[in-house]
Each structure stands twice: as C-alpha cells, then as structure tokens.
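Listed here are the chains, written in short residue letters.
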Amino acid sequence: MATAANPTNDAKLNGRDKADLNEHKADISKDLDALRADLKSLAQTVSDIASNKTSAASSAAQDRFDEYRKAGERQADRAKEYTSLKAMEAEEMIRENPAGAVAVSAAIGFAIGLLTRRR
C-alpha cells in the first residue's frame, strides 16, 4: 500500500489497485463535498445566531433608551413644578415684604457688580 499513496507509482499499479485507488479518491471527494456543505451550513447558522443576537441587543438598547427618556421627562416635569412653586412663593414673599425684596435685590446687584468689576 505504500506504493498506492505515491502518485508517481500509479503507472506501476495493477488494475485492481488502480480501481481501489480511484474508489478511495471518489470517497475522499464525496467526503470533501459533504464537509464543504457542512461548513457552509455551519457558517449560515453562525450568521443567523449573530443576527438574532444583534437584533436582541438592539431591541434591549432601544428599550433602555425609552426607559431613560421617560425617566428624564419625569424629572424635567418635577423640576418645572418645583420652579413654578418657588416662583409663586417668591412672588408672595415680595408682595408681603416689598422693602425686604428691594433690599435683597440691591444686595445681589451690588455683589454681582463687585464680582464683575475690573481690577
């Protein structure tokens, strides 16, 4: 059989050995074709899995984004309510004590003037 494995010795083989060799070549060719088909199928399966994982990750990311967006909107609404409440309280305080409001405004203006004055 050592001579059958060497292609240069094909001419020295008898008819039966050549038939066996051709049969082995045909079997190997069939096995290679089956292997190619299996690899192609495996590559398609891996591609499908990756596509599904990508789609699932994208969906999860979109869900998270929507969740955070809604939470941000709720926080913005709370901030608006808080600001409105404090503005109303400030207006009420100014109506009740206008002289104090003028004094506080003057003090704030004076402090800003000192901070922005050139040296």
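Since the model is a prediction, treat every value here as computed from it, not as a measurement. (Residues numbered from 1 in each chain as written. Predicted model: local features only at pLDDT ≥ 70, side-chain atom pairs only at ≥ 80, totals over all residues. Heavy atoms only, no water.)

**Description of the pattern of salt bridges**
Okay, step 1: According to the stated counting rule, one finds 5 salt bridges in the structure shown.
Okay, step 2: Residues D66 and R69 are paired through a salt bridge, measuring 4.0 Å at the closest nitrogen-oxygen approach. One end of the pair, D66, and the other, R69, are both in helix 1 (residues 15-96), 3 residues apart, so they sit about a helical turn from each other.
Okay, step 3: Taking the relative accessible area as the measure of exposure, D66 reaches 23% and is therefore partly exposed.
Okay, step 4: The salt bridge involving E73 is made with R69; its shortest N-O contact spans 3.1 Å. Remark: R69 and E73 occur in helix 1; sequence separation between them is 4 residues, near one turn of the helix.
Okay, step 5: Of the residues examined, E73 reaches a relative accessible area of 41% and is grouped as partly exposed.
Okay, step 6: Assessed through its relative accessible area of 35%, R69 is described here as partly exposed.
Okay, step 7: Residues participating in the shared-partner salt-bridge network are D66, R69 and E73. (Salt bridge = Lys/Arg side-chain N within 4 Å of Asp/Glu carboxyl O. Helix = DSSP H or I, 4+ residues; strand = E, 2+ residues; numbered from the N terminus. Buried < 20%, exposed > 50% of the residue type's maximum accessible area, 1.4 Å probe, protein only.)

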